[in-house]
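Structure assessment
Chain by chain, the residues run as shown.
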Amino acid sequence: MSALSCHGLGRSFGALKAVSGVDLSVAPGARHALIGPNGAGKSTLFRLLTGTMRPDTGTVHLDGDDVTGLSEVRRCRRGMSQTLQHSSLFGSFTVAGTVALAVRRHTGRAVRPWPHREPDVTARTDELLTRLGLADRAGEPVPALSHGERKQLEVALALACSPAVLLLDEPAAGMSPAESARLLTLLTGLPPEVTVLFVEHDLDLVFDLADRVTVLHLGRVLLTGTPDEVRASDAVREAYLGTARREELFTG
Ligand SMILES: Nc1ncnc2c1ncn2[C@@H]1O[C@H](COP(=O)(O)OP(=O)(O)OP(=O)(O)O)[C@@H](O)[C@H]1O
């Protein structure tokens, strides 16, 4: 059974079919990339899958259950978590405080206004900070983080609820090559049981991390295959570059 799937998913804006008849199946434990040229419909499909936007047609299933009518929050409670392209992190909190807040929220405990010890929250926070390479930045205020570190923090926050399925929207956006390489190492180290679906423009990162790639073009699935199958596809090359040469696109 798929960890996450959609069937016949569609969404239009006026006359424009941004996403049209999309079928997608993400296997449990996959590192599945969603790529495509600008305007292909990646962000729209991502939002339909997370529940931040409603489809005009089609269904979304999470671990076999139809979640098409469920809000983003309810999908999250069923094990789907996401990072966002634009950070909305709390400016006045420390890095550890921000992660602890997300961990605490997942426990469902009431907020108490006085300080108190919560060893389980502290342990989970420390684990996430270490996993995402932020342990030595734990006491810093969030605004002191570099762009790359903020993206790492966003992934830590998305993992705080121990999701079965993690959706990453352009995790490497705006990163330097060094930051991108560090992120690749961190994402490679995610627990293998967590299913990852990610939208990404950085094709080097895509081909290094993904074991499955879906290419969108003009709102439709052009191809789903292994990274090698996608690299070898003339249709994919032409969707990206018109008649330009494949080696200009896929350098790896
Ligand atoms: N809220 C909206 N209202 C109107 N048109 C929209 C809206 N959102 C997206 N579109 C259009 O739908 C099409 C697909 O957009 P989408 O952002 O999903 O593509 P994308 O593959 O994520 O592009 P990019 O790689 O540039 O981020 C585009 O033509 C875009 O202009």
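Throughout what follows, the structure given in this document is the object of discussion. These figures come from a predicted structure and were not determined experimentally. Each residue is numbered by its place in its chain's sequence as written, counting from 1. With the structure being a predicted model, the display of local features is reserved for residues of pLDDT at least 70 and the display and counting of side-chain atom pairs for 80 or more, all residues being used for whole-chain, interface and lining totals. By convention in this description, side-chain values take in all heavy atoms of the structure and omit both hydrogens and water.

**Quick word on the site of the ligand**
Operational definition: Any residue with a non-hydrogen atom lying within 4 Å of a molecule or strand is treated as near it. Any pair of N or O atoms that falls within 3.5 Å is considered a polar contact. Within protein, one atom must be able to donate a hydrogen and the other to accept it, and sequence-neighbouring residues count only if both atoms are side-chain atoms. Using a 1.4 Å probe, accessible areas were evaluated by the Shrake-Rupley method; residue-level cover was limited to the displayed protein chains. Where helices and strands are cited, they refer to DSSP runs of H or I of at least four residues and of E of at least two residues respectively, numbered from the N terminus. Ten residues, namely Ala, Val, Leu, Ile, Met, Phe, Trp, Tyr, Cys and Pro, are considered nonpolar, four, namely Asp, Glu, Lys and Arg, are considered charged, and the remaining ones, Gly among them, are considered polar.
The immediate surroundings of the ligand are formed by Phe-13, Leu-16, Ala-18, Pro-37, Asn-38, Gly-39, Ala-40, Gly-41, Lys-42, Ser-43, Thr-44 and His-201. Interatomic distance of 3.3 Å between a side-chain N/O atom of Asn-38 and an oxygen atom of the ligand. A distance of 3.0 Å separates an oxygen atom of the ligand from a polar side-chain atom of His-201. When isolated, the ligand has an accessible area of 630 Å², and the protein chains bury 60% of it. The element best represented in the shell around the ligand is helix H1 (residues 42-50), accounting for three residues. For the shell around the ligand, the class distribution of residues is five nonpolar, six polar and one charged.

**Some thoughts on the sheet that holds strand S9 (residues 212-217)**
The pairing of strands in a sheet comes from backbone hydrogen bonds and takes either a parallel or an antiparallel form. Using the following cut-off: Any two strands between which DSSP finds at least two bridges are classified as paired. Note on definitions: angles span 0 to 180 degrees between N-to-C directions of axes, and those axes are lines fitted to C-alpha atoms, for helices only across the stretch in contact. Whether two residues are in contact is decided by their heavy atoms: any pair within 4.5 Å suffices.
Spatially, the six strands line up as an open sheet ordered S6-S7-S8-S3-S9-S10, and their pairing is mixed. Each end of this open sheet is capped by a strand with a single partner; those strands are strand S6 (80-82) and strand S10 (220-225). Each adjacent strand pair in this sheet contributes to an overall mean axis angle of 20°, direction not counted. As defined by bridge partners, strand S7 (residues 165-169) adjoins strand S8 (residues 195-199) across five bridges and the pair is classed as parallel. Across the sheet, Leu-167 pairs through a bridge with Leu-197, a residue of S8. Each of strand S3 (31-35), S6, S7, S8 and S9 touches H1; the most contacted strand, S7, lies at about 150° to it.

**A few points about helix H4 (residues 119-131)**
Put simply, the rule reads: Take the number of residues in a helix, subtract one, and multiply by 1.5 Å to get its expected span. Relative accessible area decides the class of each residue, using a 1.4 Å probe on protein chains only: under 20% of the type maximum gives buried, over 50% gives exposed, and in between gives partly exposed. Comment: arc refers to directions from the helix axis out to C-beta atoms.
Between its terminal C-alpha atoms H4 stretches 18 Å, which fits the 18 Å expected from 13 residues at 1.5 Å a residue. Of all the positions in H4, only Val-121, Arg-124, Thr-125, Leu-128 and Leu-129 are classed as buried. On an axial view of H4, the arc spanned by its buried residues comes to 135°, and they lie on one face. Across from the buried face of H4, at angles greater than 90 degrees, the exposed residues are Pro-119 and Thr-130. Looking at the buried positions of H4, the neighbouring elements they touch are helix H3 (95-107) and helix H5 (147-159). Residue Gly-133 follows H4 closely and has a positive phi angle near 70°.

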